[in-house]
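# Summary of the model geometry
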Amino acid sequence: MKRLVVGVLAHVDSGKTTLSEALLYRAGSIRKLGRVDHRDAFLDTDALEKARGITIFAKQAVLTLPAGTVTGTPLEETQITLLDTPGHVDFSAEAERTLQVLDYAVLVISGTDGIQSHTMTLWRLLERYHVPTFIYVNKMDLPGADKALRLRELRGRFGDGCVDFTPTVPAEERAEALGVCSEPLMEAVLATGTVPQADLITAITRRQVFPCYFGAALRLDGIDDLLNGLQRDTRMPPDAGSFGARIFKIGADESGARMTYLKVTDGVLKVKSNLVSRPDARVEFEEKADQLRVYSGSKYRLVSEAPAGTVCAVLGPTKTYPGQGLGVQPDARQPMLEPVLNYRVELPEGADPHCALLALRTLEDEDPQLHVVWNAALGEIHLQLMGEIQLEILQSVLQSRFGLEVAFGEGGILYKETISAPVEGVGHYEPLRHYAEVHLLLEPGEPGSGLQFASICRTDALDLNWQRLILTHLAERSHPGVLAGAPLTDVKITLTAGRAHIKHTEGGDFRQATYRAVRQGRAPRRPGGRRSCWNPGMTSGWKSRRTVLAALWPICSAAARNSARRKTRMAWPSLPAKPRLPKCGAVRGK
């Protein structure tokens, strides 16, 4: 049996959930065709989704297509795990996490509205994660839907790989359109006039061909053609044999038990097997898979093992995180979409902020793009998220799951800072019986690359365990910039050198030295790369220098004051060792 994981993505109100209902209905997985506006859709199981008529949480359903023959092509029995993703931009982070486990995707486009702004975002995400894509143009039964216009728009925005695969298109016309997609297809068309099925599947897998279907999901128009295409023009990814899995979601069931949603990519996952973190994982653990659930809508069935291509919820692990790889599967790339707004959490009078923080940390564990920031100095909780709709949903979830009545202050835009030139930062930490020294090289990165960490330090200068500890401290927190205090981004930080004491160095020493090196490196600098600081040789009058020194004196440390005394005596012998501020109302000469 061929097992595939297929995601359905679209701009909001393009008919994505309606298409998922139609696919399940025509495949025989459900007996009744639900509708979003009737609040009885099979995949919109949450009360918030029914009330708002939008998909908020990614859901899965399983459908099976029997073996057969279509237009002379034999079809293998295929089990498809359908993942219905949110279409609203506020929940696009949920859709991006789902892309990490997809074998194929169906991108739904409205026949009347065409390609919209969020459609292009989804297309770039599909390209980033190299997901082969089928395109379904929905709502073709409405006035204003023009098939020729939509096909020209698809080819103009997505490329010539968009080919009409509806059965009414002549075979010669389709072969001619496929011939311009890749050289192997062109050679096949020139030689035989047709495209071999194996070459077509390879071109689709390499994202050289994007089969396009037109119809109306509400009227079940074009649904059978899309199902036949998913069964005929696809293939399973290669199986490495050894166990491998990718985690894409963390959730909780009705009783509050933590569930880890993952896709088994290689081998077999059996119940009661030990799940062990990879050496490069953020958190080390070895936990048991107590239960395997295969969900379809709101219902699930227990299985004793999950072969490759299966999406299941695992109960038992408590330290997993979205994007984590298990076995032979590495961790996923860092998400491209990030929060853009910041809100302050306003708790009712007498509420414990630490209890609210614990509840928000639980939600952050399920949705890593929901950034929870605790301001210890002010005793405030700040949330970083995508938009106001997500804020309203979060408010409802806090009330229903944790019994918390919270409000939110006025939102603000999240900014980020970067550097424009390479710079070196040095951090030195040496109190009594402690010692650590770290040298870092900060370099500008590519736009959208985020923070990257590396090490070129020799192991004979600093042991490998200390180097790993320094990289861990760099990644464990955000580093504010100097312009507006916004987090740094698009910066590559490289450990170039470091020193430790054989007796006095402890793990916390390198944390302090690492943070100091970053702070020293991102301090304001002149275009030449040197730090802009005041020194006694600056070209200003003697009285001006004395005034500046007197103003800075109260905030200087003891070491800085001693250094200033020495330099002051050298530069201006007549200046007193400790400048005095003039009294209020004092008159010169009196």
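Residues numbered from 1 in each chain as written. Predicted model: local features only at pLDDT ≥ 70, side-chain atom pairs only at ≥ 80, totals over all residues. Heavy atoms only, no water.

### Some details on the sheet that holds strand E27 (residues 451-455)
Read across the sheet, four strands follow the order E25-E26-E28-E27 without closing on themselves; strand pairing throughout is mixed. The open sheet has two edge strands, strand E25 (423-429) and E27, and neither has a second partner. Adjacent strand axes in the sheet meet at a mean angle of 25° when their direction is disregarded. As paired strands, E25 and strand E26 (residues 436-444) are joined by seven bridges and run antiparallel to one another. Residue pairing across strands places His428 opposite Glu437, the latter belonging to E26. Where helix H12 (residues 464-475) meets the sheet, its contacts fall on E26, E27 and strand E28 (491-500), and the angle it forms with E27 comes to roughly 170°. Packing of helix H13 (residues 507-521) onto the sheet brings it into contact with E25, E26 and E28, and relative to E25 it is tilted by some 145°. (Pairing = 2+ DSSP bridges. Helix = DSSP H or I, 4+ residues; strand = E, 2+ residues; numbered from the N terminus. Axes fitted to C-alpha atoms, helices over the stretch in contact; angles between N-to-C directions. Contact = heavy atoms within 4.5 Å.)

### Topic: helix H1 (residues 16-27)
For H1, which comprises twelve residues, the first-to-last C-alpha distance of 17 Å matches the rise-based estimate of 16 Å (1.5 Å per residue) to within 8%. Counted residue by residue, H1 has nine buried out of twelve residues, so it is predominantly covered. Those residues of H1 that sit buried are Lys16, Thr17, Leu19, Ser20, Glu21, Ala22, Leu23, Leu24 and Ala27. Buried residues along H1 sit against strand E1 (2-10), strand E2 (59-65), strand E5 (78-84), strand E6 (104-110), strand E7 (133-138) and helix H9 (223-232). Positive backbone phi, approximately 85°, marks Gly28, located one or two places after H1. (Expected span 1.5 Å × (residues − 1). Buried < 20%, exposed > 50% of the residue type's maximum accessible area, 1.4 Å probe, protein only.)

### Quick notes on the pattern of salt bridges
Side chains bearing opposite charge may pair, as long as their charged atoms lie close to each other. Overall, the coordinates contain 25 salt bridges when judged by the stated rule. Within this structure, Glu94, Arg97, Lys249 and Asp367 form a network of salt bridges that share partners. (Salt bridge = Lys/Arg side-chain N within 4 Å of Asp/Glu carboxyl O.)

### Notes on the pairing of E5
Within E5, seven of the seven residues are buried, which leaves it mostly tucked inside the rest of the structure. The alternating pattern of E5 places Thr78, Ile80, Leu82 and Asp84 on one face and Gln79, Thr81 and Leu83 on the opposite face, and all of these are buried. Relative to E5, E1 runs parallel, the two sharing seven bridges. When the sheet's bridge partners are listed, Gly7 is paired in E5 with Leu83. In this structure, E2 lies alongside E5, joined through seven bridges in antiparallel fashion.

### As for the nonpolar core
Within the largest apolar cluster, 40 residues are counted, with the highest numbers of intra-cluster contacts made by Leu19, Val106, Val209 and Leu226. Residue contributions to this core peak at five residues, all from H1. Discounting residues that sit within four places of it in the chain, Leu19 has contacts with Val8, Val106, Val108, Tyr136, Ala217, Ile223 and Leu226. In terms of nonpolar packing, the next biggest core, distinct from the first, is built from 35 residues, Val101, Leu151, Phe158 and Met259 among them. (Core = buried A, V, L, I, M, F, W, Y, C linked by side-chain atoms within 4.5 Å.)

### Some remarks on the pairing of E7
By the criterion of burial, E7 is predominantly enclosed, with six of the six residues buried. Burial of E7 is two-sided: the residues Thr133, Ile135 and Val137 facing one way and the residues Phe134, Tyr136 and Asn138 facing the other way are all buried. Across six bridges, E6 lies against E7 in parallel orientation. Its bridge partner being in E7, Ile109 is matched across the sheet by Val137. For the crossover that starts at E6, traverses helix H4 (residues 117-128) and ends in the parallel E7, the hand is right-handed. In the sheet, E7 pairs with strand E9 (residues 210-214) via three bridges, with the strands oriented parallel. Following the sheet pairing, Tyr136 is matched in E9 by Tyr213. (Right-handed = clockwise from strand over helix to strand, strands pointing away.)

### Structural notes on the packing of H1 against H9
Between H1 and H9, the least distance of the axes is 10 Å, while the angle of their chain directions is 75°. By the angle between their directions, the pair H1 and H9 is classed as roughly perpendicular. The residues of H9 that touch H1, namely those facing Leu19, Ala22, Leu23, Arg26 and Ala27, are Ile223, Asp224, Leu226 and Leu227. Here the residues of the contact of H1 with H9 are counted per class, giving seven nonpolar, no polar and two charged. (Parallel < 35°, antiparallel > 145°, perpendicular 65-115°, else oblique. Nonpolar A, V, L, I, M, F, W, Y, C, P; charged D, E, K, R; others polar.)

### Points about the confidence of the model for the protein
Reading predicted coordinates in detail is not appropriate for stretches of low pLDDT. Confidence in the prediction of the protein, expressed as mean pLDDT, is 85, and 89% of residues score 70 or more. Between residues 526-561, whose pLDDT stays under 50, and residues either more than four places distant or in other chains, the model counts 39 contacts. For residues 563-590, every residue scores under 50 in pLDDT, and the model assigns this stretch 27 contacts once sequence neighbours within four places are set aside. (pLDDT = per-residue confidence, 0-100.)

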